[in-house]
Amino acid sequence: MSSIKQFQVTFDCAEPERVARFWCEVLGYVVSPPPEGFATWDDFDRSRSPEDQGSWFACSDPSGVGPRLFFQRVPEGKVVKNRLHLDVRVGTGLMGEERLATLEAECARLVALGAVRVRLLYDGNDSCIVMQDIEGNEFCLD
């Protein structure tokens, strides 16, 4: 049996392009190229029916290491806590006040992009900041 080498993370959301561009800023990702045969995303959208325009968008890690992120429009809004979330690893290897300061700096940057700080988890040594993206999807700064 062969192992899976690639996967993508899919977000259900109301505004796929807006949420994708937010995550591009968070992770340093880039907008994925439009589907084959289209020069731009606008060209692709114009080829679709009005109700399907803007129904999905994607971004990817420019280094090719991280997973592709896919954003698809769904009719219902977010109601409950995510069962799965991303941990944005900005404090790897750091402990105590140094780790906390690094997380706080990244939190401030993401709040300026539209993220919401939910709470700080800190035991004096290890820390994590629980946040929400621009549509309320939870993620952690770790």
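Residues numbered from 1 in each chain as written. Predicted model: local features only at pLDDT ≥ 70, side-chain atom pairs only at ≥ 80, totals over all residues. Heavy atoms only, no water.

A few words on the UniProt feature "domain: Glyoxalase-like" (unreviewed entry) in the protein chain. Mapped onto this structure's residue numbering, the UniProt feature "domain: Glyoxalase-like" (unreviewed entry) falls at residues 8-141. With 27% helix and 29% strand, residues 8-141 has end C-alpha atoms that lie 20 Å from one another. (UniProt positions renumbered as here; feature names shortened; annotations may be inferred. Helix = DSSP H or I, 4+ residues; strand = E, 2+ residues; numbered from the N terminus.)

This next bit is on helix 1 (residues 16-27). Helix length check: helix 1, at 12 residues, gives a terminal C-alpha distance of 16 Å against a target of 16 Å (1.5 Å per residue), a fit within 8%. Residues P16, V19, A20, F22, W23, C24 and V26 constitute the buried set of helix 1. Looking one or two residues beyond helix 1, the residue adopting positive phi is G28, at roughly 75°. (Expected span 1.5 Å × (residues − 1). Buried < 20%, exposed > 50% of the residue type's maximum accessible area, 1.4 Å probe, protein only.)

Pairing within the open sheet is mixed, and its four strands lie in the order 1-4-3-2. Two strands bound the open sheet, and with one partner strand each, they are strand 1 (8-13) and strand 2 (30-31). Pairing of strand 2 with strand 3 (residues 56-60), which is carried by two bridges, proceeds in the antiparallel orientation. Bridging across to strand 3, V30 finds its partner in S60. Packing of helix 1 onto the sheet brings it into contact with strand 1, strand 2, strand 3 and strand 4 (68-73), and relative to strand 4 it is tilted by some 155°. (Pairing = 2+ DSSP bridges. Contact = heavy atoms within 4.5 Å. Axes fitted to C-alpha atoms, helices over the stretch in contact; angles between N-to-C directions.)

A few words now on the domain arrangement of the protein chain. Along its sequence, the protein chain is organised into domain 1 (8-73) and domain 2 (86-141). In this structure, domain 1 and domain 2 have C-alpha centres spaced 25 Å apart. Contact with domain 1, which involves 13 residues of that partner, is made by 13 residues of domain 2. Of the roughly 1100 Å² buried between domain 1 and domain 2 on both sides combined, carbon and sulfur atoms contribute 70%. The largest contributions to the domain 1 side of the interface with domain 2 come from F22, W23 and V26, which together make up 48% of the buried area. Counting every contact that joins domain 1 to domain 2 gives five residue pairs in polar contact (both at pLDDT 80 or more). Those elements giving two or more residues to the side of domain 1 that touches domain 2 turn out to be strand 1 and helix 1. (Domains from an automatic or database assignment. Buried area = accessible area lost by both parts, 1.4 Å probe. Polar contact = N/O pair within 3.5 Å; in protein donor to acceptor, adjacent residues only side chain to side chain.)

Before going further, it helps to spend a moment on the packing of aromatic side chains. Tallied over the full model, the rule gives 10 aromatic pairs. Measuring from centroid to centroid gives 5.7 Å for F11 and W23, while their planes differ by 40°, and the two rings are tilted. Taken together, the positions of F11 in strand 1 and W23 in helix 1 put the pair 12 residues apart, joining distant regions of the chain. Accessibility classification places F11 together with W23 in one group, the buried group. Taking 5.5 Å as the distance between ring centres and 90° as the angle between the ring planes, the aromatic pair formed by F22 and W23 counts as edge-to-face. In this pair, the class of F22 matches that of W23, namely buried. (Phe/Tyr/Trp six-rings, centres within 6.5 Å; stacked < 30°, edge-to-face > 60°.)

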